[in-house]
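# Tertiary structure, described
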Amino acid sequence: MTELPKAYDPTQVEQRWYRAWIEQGYFHADAAAPKAPYTIVIPPPNVTGSLHMGHALFATLQDILVRWRRMQAYNAMWLPGTDHAGIATQMVVERTLQREEGKSRHDLGREEFLKRVWQWKEKNGGRIVEQLKVLGASCDWERARFTLDEGLSVAVREAFVRLHEEGLIYRARRLINWCSRCRTALSDLEVEHEDVTGSLWHIAYPVEGSDAMLTVATTRPETLLGDTAVAVHPEDDRFKHLIGGRARLPLTDRTVPIVGDAVLVDREFGTGAVKVTPGHDFNDFEVGVRHRLDMISVFDLTGRLNDNAPAAYRGLTVEEARAKVVADLEAKGLLVKVEPHQLALGRCQRCETVVEPTLSLQWFVKMQPLAEPAIEAVESGKTRFVPEMWTKTYMHWMRNIKDWCISRQLWWGHRIPAWYCGTCGEPTVARETPAACAHCGGTQLTQDEDVLDTWFSSSLWPFSTLGWPKETRELRTFYPTSVMETGYDILFFWVARMMMMGLHFMKKVPFRTVFLHAMVVDEKGEKMSKVKGNVIDPLDVVYGSTLDALVKKAEEGAAPKQAIANIKKQFPEGIPASGADALRFTLAALAAQGRNIRLALGRVEGYRHFANKLWNAARFALMNLEGFDADRFADEQAADGRELLSLADRWILSRLQRTAKEVDEALEAFKFNDAAQAIYRFVWSELCDWYIELAKPALQDKSEEGEAQSAPGAARLGGLGPQRRTAQGVLATSLETACRLLHPFMPFITEEIWQQIPKPLGAPQSIMITMFPTADPGLIDEAAEARLDEVQDIVTAMRNARMEYELGNDVPFRVLAANEEQRRLLDEDKALVQAMTRGSALQVVPASSEPQEGVVHVTPRRNSLALVFSGQADREALVAAIDKKLAKLDKERAQVGGKLANEAFMAKAPEEVVAENRRRLAECEERMEKLRASRATM
RNA sequence: AGGCACGUAGCUCAGUGGGAGAGCACUACCUUGACACGGUAGGGGUCGGCGGUUCAAUCCCGCCCGUGCCUACCA
């Protein structure tokens, strides 16, 4: 049997196994397999993307679910893919083009530019996929999809055409969010609001035909040039007489009507009068509709003032225009005052440019009819959210949903399947390029220049990836999917829209459960960003990185100086290589529901140590499994195995069953952290800390068959006696089962170890395709657990006494048993105590055999056993230690005694609780009595 | 403005209507044939504050303070 290296090195192990799994085709799910399906479709990351902790988190959690279900014999299918990310990708390629060739996309033309984007995608789009593989993601790569694939494009056209036919897609001239940097319309969701301190300008508008002034308050004085009314509250006594009149618009030669509008105007706010700019403000647009006002755009699509503005302002940017308007107003004495004001500024999600509400002809999806079934599906429980709190957020958004602007003035994406007639101008919407206009038969057709919002194709993802609109075997088998696992930040972007489209086109929910994970942030709770220099790259955690490399990477990413300084401060030693397993385990352990995940490298380190601990437990096991015959052990266990098991054996097997149950239940409830903790505790605190130590004597059993070969050197190998055989079997079983329980979390190390554990003939080739452990209730052994609990208590007390009183290892202990039954059991278990205390002499005596000589030391937990030892110890230290314990016990006695003396407690508390407190009180008193007796002897 | 989370050991986080936990850090001791990426023992917390419900509250309820996020048309 080859000996394993002393320390576990993940880099030597991980990628070897990943390749092996791929070669064996373990990740592939057959749509025709006669097994219950379990499907997850990946929330497709952007092709432009590079792996970040958010990806690492979803990859980990989804892989855990998929590996777990696969091991439970489900037909588990995890469909991967990437998203074409219209704006982001186009931006990246445009920037490169500008930098390398000094050209814009317009210089190249649409066709050539798209060719370049595809080239870029072919070259760089695979990066994130390769990075997911590093983490061990067991995706069905044969089914990988890209949102611009031919099949998905067919799905997009089909969906568009059908929705158009149903009147759910329409084209209209409306106010939309316009990014002048990206030169495209954006949906409401793509605008991010940021609270900033701006100004509130009070501007006087002269009232036509009078000397009066009507003062309005605005945060955007430059839009004044596009005003088409002034609104006051219809019941405001200050102003209502002006309604119906007109005001002269400063800096222009226009006059605008004064209207009464109770919806827009809040009498308490500002001056009580509002300038109305329907062409550049969503509220004002509504007022414009209500009062049939003119709608003027004064900005063009590049963010400059157009010909609708007075000549003096044309060509200025919005910022320049603001400065000039304010200056000109001041010069004319029309600027009444300026005060600081908080406002929410909308910025483009991609480029942070301030978005401009702009009148524009765009395509929209009518959302309300689609939202209704999506609301019903959640209300009726067809789809549920985990954590449940998201249900409310989802419902609120769905119930207040607005139409979705889906056209984008980009080139990279699904081109809108609408053709405009050169003769009549009407659009013809069709699946394939039409030969003639559907309205007038004209043949001069030009396709819409625009593409669809990337999220439109994403919304079809759960079924477009499975072959829709064709009725495929895959769709029948894998739709609806089992779980949508993603971050809560895209609840609306993805989840909500997938729900609507899934229900609309498939008539079934796209997923039964939506698990929304939290955001990964840094140790201080701040969002990771290159600007702050607090990014932790998952690959750096896996492979490790020096400080120099970290700094270099940040510099290449054009990070600011401060970020570099922060990196130096945060990672003075760089980042140690911890392996994918440790990273995955950390993310799972921190993935408690409903809060941000603050990734602390210290946690990763701790779990890297955990991997090493498991590794060394395996080393120990393998060193002691010489001569072990898994088949023989299995046969023995099947026959009269229970007879052969020692207390320690029965205990660890019992703990193992409980752990299996805990892990399984936790995963069912998406409590990844609970599952991780349960395995951690089992492996470290139970298997390593206790069982391995307890089993050591048995593994040395040299009786029977061992005797026969007592040649020199045989002792070192250990014997082959029945105790040893049994301990070997239990050790192997515990380790093997623990590996299977841990496999979804730490796939690599568990495979590496599992491969080397002797297994019965016919065992699977890989841990990946073994069965996930289920708890065997027959192996749960309450009695063994209670007895071992007592052993642990005594062991701990002995160690504690030795440390506390600085006793030597050879000081003999006596344990006082409360009754004959306890004395008998403890006498049996004495060897275990000795195994754990380096063979300390221990005698079990009846408590009644007092008076004892020596010092009494009570066990730390609750079974109130007392230990007696004699030997040299500092008398004063002993007395002080005893007094401290007495004080602590006295406090507890008073507390518990108080409860029991309380009539209300006795009358109303449940019987068990009362009994428990009685027991505690008695125990307290007993321990105090023993300590006092001990103190008295000094 | 509304909504949702969160506030527990020095740090990162679990947890529960009835005796406060883990990892890291800290202290002391230990190179024991699995593991110093280790072992043993230990120190450290008014469970954000104030009220309420309850026999009993860190946990349930209300208010307040602080932190974060989301939604929103107050110019």
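Just so we're clear, the structure is a prediction, and the values are computed from it rather than from any experiment.

Okay, the overall build of chain A next. Each helix and strand counted, chain A has 32 helices and 29 strands in total. Considering chain A as a whole, with its 938 residues, one finds that 54% of them fall into the buried category. Contacts in chain A between residues far apart in sequence, at least 24 positions, make up 77% of those at least 6 positions apart. Approximately 42100 Å² of chain A is accessible, and the part contributed by carbon and sulfur atoms is 49%. If the 117 positive side-chain charges of chain A are averaged to one point and the 130 negative ones to another, these points end up 2 Å apart.

With that settled, the discussion passes to the sheet that holds strand 23 (residues 511-517). Where strands meet in a sheet, backbone hydrogen bonds hold them as pairs that are either parallel or antiparallel. Pairing is parallel across the open sheet formed by three strands, whose spatial order is 15-23-22. With one partner strand each, in any of the chains shown, strand 15 (384-386) and strand 22 (481-487) form the two edges of the open sheet. If you compare each strand with its neighbour and ignore which way they point, the axes differ by 20° on average. One ladder, built from six bridges, connects strand 22 with strand 23; its direction is parallel.

What follows concerns the packing of aromatic side chains. Across all of its chains, the model carries 34 aromatic pairs by this definition. With 5.3 Å between their ring centres and 80° between their planes, Trp-455 and Trp-494 make a pair best called edge-to-face. Linking Trp-455 in helix 12 (residues 454-458) with Trp-494 in helix 15 (residues 491-506), this pair joins segments that are 39 residues apart in sequence. We note that Trp-455, like Trp-494, is buried. Clustering of aromatic rings is evident, with ring pairs tying together Phe-585, Tyr-607, Phe-610, Tyr-680, Trp-684 and Phe-745. Across the ring face of Phe-364, the terminal group of Arg-174 is positioned such that the distance to the ring centre comes to 5.0 Å. One Lys or Arg, Arg-497, reaches over the ring of Trp-404 and ends 3.9 Å from the middle of that ring.

Considering the arrangement of structural elements, one finds Ala-580 in helix 19 (residues 579-590). The exposure class of Ala-580 is buried, given its relative accessible area of 0%. Setting aside its immediate chain neighbours within four residues, Ala-580 contacts Glu-14, Val-134, Leu-135, Val-542 and Phe-748.

This next bit is on the state of the cysteines. The final tally for this structure, using the stated rule, is zero disulfides. Its sulfur unpaired, Cys-348 is 3.7 Å from the next cysteine sulfur, which belongs to Cys-351. The exposure class assigned to Cys-348 is buried, which follows from its relative accessible area of 2%. Lacking any disulfide linkage, Cys-351 is separated from the closest cysteine sulfur, that of Cys-179, by 3.5 Å. Under the relative-accessibility criterion, Cys-351 is labelled buried at 19%.

Let us look at the pairing of strand 9 (residues 229-232). Regular strands have side chains that alternate between both faces of the sheet. Burial of the side chains of strand 9 extends over both faces: Ala-229 and Ala-231 are buried on one face and Val-230 and Val-232 on the other. When strand 9 meets strand 12 (residues 273-276), the two strands line up antiparallel, connected through four bridges. Of the residues in strand 12, the one forming a bridge with Val-230 is Lys-275. With three bridges connecting them, strand 9 and strand 11 (residues 255-260) associate as parallel partners. Its bridge partner being in strand 11, Ala-231 is matched across the sheet by Val-259.

If you walk across this open sheet you meet the four strands as 6-5-14-16, and the pairing is antiparallel. This sheet does not close on itself; its edge strands, each paired only once, are strand 6 (184-186) and strand 16 (404-405). With ten bridges connecting them, strand 5 (residues 169-179) and strand 14 (residues 356-365) associate as antiparallel partners. Residue pairing in the sheet places Tyr-170 in a bridge with Phe-364 of strand 14.

So, on to helix 28 (residues 782-804). With 23 residues, helix 28 extends 32 Å between its outermost C-alpha atoms, agreeing within 8% with the 33 Å of an ideal straight helix rising 1.5 Å per residue. The backbone nitrogen of Ala-783 lies 3.3 Å from a side-chain oxygen of the residue at the head of helix 28, namely Asp-781.

Moving on, we come to the packing of helix 10 (residues 368-379) against helix 11 (residues 390-399). Between helix 10 and helix 11, the shortest axis-to-axis distance is 10 Å and the interhelical angle comes to 160°. Judged on the interaxial angle alone, helix 11 and helix 10 are roughly antiparallel. Helix-helix and strand crossings are classified by hand; for helix 10 and helix 11 the assignment is left-handed. Contacts between helix 10 and helix 11 involve Ala-371, Ala-374, Ile-375, Val-378 and Glu-379 from the former and Thr-391, Tyr-394, Met-395, Met-398 and Arg-399 from the latter. Counted by class, the contact of helix 10 with helix 11 contains seven nonpolar, one polar and two charged residues.

The next thing to look at is the nonpolar core. Across soluble globular proteins, nonpolar side chains have a tendency to be buried as a group. Residues Tyr-394, Met-398, Phe-456, Tyr-691 and Phe-745 are the most contacted members of the largest nonpolar core, which totals 215 residues. Excluding anything up to four places from it in sequence, Phe-745 contacts Ile-64, Asp-581, Arg-584, Phe-585, Ala-588, Leu-667, Phe-672, Ala-675, Ala-676 and Ile-679. Listed in part, the 33 residues of the second largest apolar core include Trp-201, Val-232, Tyr-313 and Val-325.

Right, let's talk about a positive patch on the surface for a bit. A cluster of like positive charges, contributed by Arg-95, Arg-99, Arg-181 and Arg-183, occupies part of the molecular surface. Tracing the backbone through its elements, the reader meets Arg-95 in helix 3 (residues 86-101).

For Asp-227, the position within the fold is in the loop between strand 8 (213-218) and strand 9. Beyond its immediate chain neighbours, meaning those up to four positions away, Asp-227 contacts Tyr-205, Leu-249, Arg-254, Val-256, Lys-275, Val-276 and Thr-277.

When you tally the buried positions in strand 26 (residues 813-817), you get four out of five residues, the bulk of the element. Judged from the five bridges that link them, strand 26 and strand 27 (residues 842-846) form a sheet pairing that is parallel. In the strand pairing of strand 27, Leu-816 is matched with Val-845. In terms of handedness, the path from strand 26 via helix 29 (residues 820-836) over to strand 27 forms a crossover that is right-handed. Sheet topology note: the strand 26/strand 29 (residues 866-869) ladder contains four bridges and is antiparallel. Residue Phe-813 lies in a different strand from strand 29, and its bridge partner there is Phe-869.

Here we come to the pattern of salt bridges. Between side chains of opposite charge, pairing is possible as soon as their charged atoms come close. Applying the stated criterion across every chain yields a total of 58 salt bridges. For Glu-668, the salt bridge goes to Arg-69, with nearest N and O atoms at 3.2 Å. Of the two residues, Glu-668 is situated in helix 22 (residues 647-668) and Arg-69 in helix 2 (residues 53-71); the sequence distance between them amounts to 599 residues. Across the pair Arg-220 and Glu-356 runs a salt bridge whose closest N-O atoms are separated by 2.8 Å. One end of the pair, Arg-220, is in the loop between strand 8 and strand 9; the other, Glu-356, is in strand 14, with 136 residues separating them in the sequence. Connected through salt bridges with shared partners, the residues Arg-655, Arg-658, Glu-662, Arg-681, Glu-686, Glu-782 and Glu-785 form a single ionic network.

The residue Thr-750 is located in helix 27 (residues 747-754) in this model. The exposure class of Thr-750 is buried, given its relative accessible area of 0%. From its side chain, Thr-750 meets the backbone oxygen of Met-746 in a polar contact 2.6 Å long.

Moving on to the environment of Ile-767. Along the chain, the position of Ile-767 falls in the loop between helix 27 and helix 28. Accessibility expressed as a relative area gives 0% for Ile-767, which makes it buried. For Ile-767 and Lys-366, which are 401 residues apart along the polypeptide, the C-alpha to C-alpha distance reads 50 Å. Setting aside chain neighbours within four positions, we find Ile-767 in contact with Met-71, Cys-739, Arg-740, His-743, Thr-750, Glu-751 and Trp-754.

Each value, and the rule that gives it
- Counting from 1, residues in each chain are numbered in the order their sequence is written.
- Chains and ligands are labelled sequentially in the order written, the chains with letters from A and the ligands with numbers from 1.
- Two thresholds apply to this predicted model, a pLDDT of at least 70 for residue-level local features and 80 or more for giving and counting side-chain atom pairs, whereas whole-chain, interface and lining totals are computed over all residues.
- Note: side-chain values were computed over all heavy atoms of the structure, leaving out hydrogens and water.
- Secondary structure is summarised from DSSP: a helix means a run of H or I of at least four residues, a strand means a run of E of at least two, and numbering begins at the N terminus for each.
- Throughout this description, buried means an accessible area under 20% of the type-specific maximum (1.4 Å probe, protein chains only), exposed means over 50%, and partly exposed covers the range between.
- Contacts between residues were defined by any pair of non-hydrogen atoms, one from each residue, lying within 4.5 Å.
- Surface exposure here means Shrake-Rupley accessible area, sampled with a 1.4 Å probe, where a residue is shielded only by the protein chains that are shown.
- The positive count covers Lys and Arg only, the negative count covers Asp and Glu only, and His and the chain ends enter neither.
- Throughout, a charge is located at the NZ atom of Lys, the CZ atom of Arg, the CG atom of Asp or the CD atom of Glu.
- For two strands to be treated as a pair, DSSP must find no fewer than two bridges joining them.
- Lines fitted to C-alpha atoms define the axes here, with helix axes fitted over just the stretch in contact, and angles between the N-to-C directions of these axes take values from 0 to 180 degrees.
- Only Phe, Tyr and Trp rings take part, Trp by its six-membered ring, and two of them pair if their centres are within 6.5 Å. Stacked means planes under 30 degrees apart, edge-to-face means over 60, and tilted covers everything else.
- The rule is short: NZ of Lys or CZ of Arg within 6 Å of the ring centre and within 35 degrees of the ring normal puts a charge over the ring.
- In this description, a disulfide is simply a cysteine sulfur pair whose atoms lie within 2.5 Å.
- Multiplying 1.5 Å by the residue count of a helix minus one yields the expected span of that helix.
- Polar contacts here mean pairs of N or O atoms no more than 3.5 Å apart (in protein, one a potential hydrogen donor and the other a potential acceptor; neighbouring residues in sequence count only if both atoms are side-chain atoms).
- Here is the rule for angles: anything less than 35 degrees is roughly parallel, anything more than 145 is roughly antiparallel, 65 through 115 is roughly perpendicular, and the remaining ranges are oblique.
- Should the near helix be turned anticlockwise from the far one by less than a right angle, the crossing is left-handed, and should it be turned clockwise, the crossing is right-handed.
- We call Asp, Glu, Lys and Arg charged. Ala, Val, Leu, Ile, Met, Phe, Trp, Tyr, Cys and Pro are nonpolar, and the rest, Gly among them, are polar.
- Residues grouped as a nonpolar core are buried Ala, Val, Leu, Ile, Met, Phe, Trp, Tyr and Cys residues, joined through side-chain atoms within 4.5 Å.
- Only residues whose relative accessible area exceeds 30% and that form no salt bridge are eligible for patches; like-charged ones are grouped when within 9 Å, while nonpolar side chains (Val, Leu, Ile, Met, Phe, Trp, Tyr) are grouped when within 5 Å.
- By convention in these notes, a salt bridge is any Lys or Arg side-chain nitrogen within 4 Å of a carboxyl oxygen on Asp or Glu.
- If you view a crossover with the strands going away from you and the path from the first strand over the helix to the second runs clockwise, you call it right-handed.

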